[in-house]
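Residues per chain, in single letters:
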Amino acid sequence: MGSEVMAVLVDGRLLLALAAVTVGALKVWLQYRKAVVRERGRTARLRVVLHTVRPELRADVITAYASLEAAGEGTSDSDA
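Residues numbered from 1 in each chain as written. Predicted model: local features only at pLDDT ≥ 70, side-chain atom pairs only at ≥ 80, totals over all residues. Heavy atoms only, no water.

**Q** I would appreciate a short explanation of the pattern of salt bridges in the present structure.
**A** A side chain of one charge can pair with a side chain of the opposite charge when the charged atoms of the two come close. Within this structure, the stated rule accounts for 4 salt bridges. E69 is the salt-bridge partner of R42, the closest N and O atoms lying 2.8 Å from each other. Here E69 lies in helix 2 (residues 58-72) and R42 lies in helix 1 (residues 2-51), a separation of 27 residues in the sequence. Look at R42 and you get buried, because its relative accessible area is 19%. (Salt bridge = Lys/Arg side-chain N within 4 Å of Asp/Glu carboxyl O. Helix = DSSP H or I, 4+ residues; strand = E, 2+ residues; numbered from the N terminus. Buried < 20%, exposed > 50% of the residue type's maximum accessible area, 1.4 Å probe, protein only.)

**Q** Help me understand the side chain of R42 in this model?
**A** Here E39 takes part through its side chain, which lies 2.7 Å from a polar atom of the side chain of R42. When near neighbours in sequence (up to four residues on either side) are disregarded, R42 contacts Y65, E69 and E73. (Polar contact = N/O pair within 3.5 Å; in protein donor to acceptor, adjacent residues only side chain to side chain. Contact = heavy atoms within 4.5 Å.)

Nothing here speaks to function; it is all geometry.
The structure is reproduced here in structure tokens:
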């Protein structure tokens, strides 16, 4: 009977370990997908702006956009 209890305990620990690894992997994947969506949004916004500005002003627009994005990174609450 004691060996059966030990087998159940070992199986339970194994299942807990697998669940912990699965949850960890899911959290990492979700963080990655959020980052991909954020970057796609940034790229789309920048493309719209660049299509509406004269070519000689594009470098200034990109520089200004980069500083706005950098300033806004600390205020985002979507990472929580």
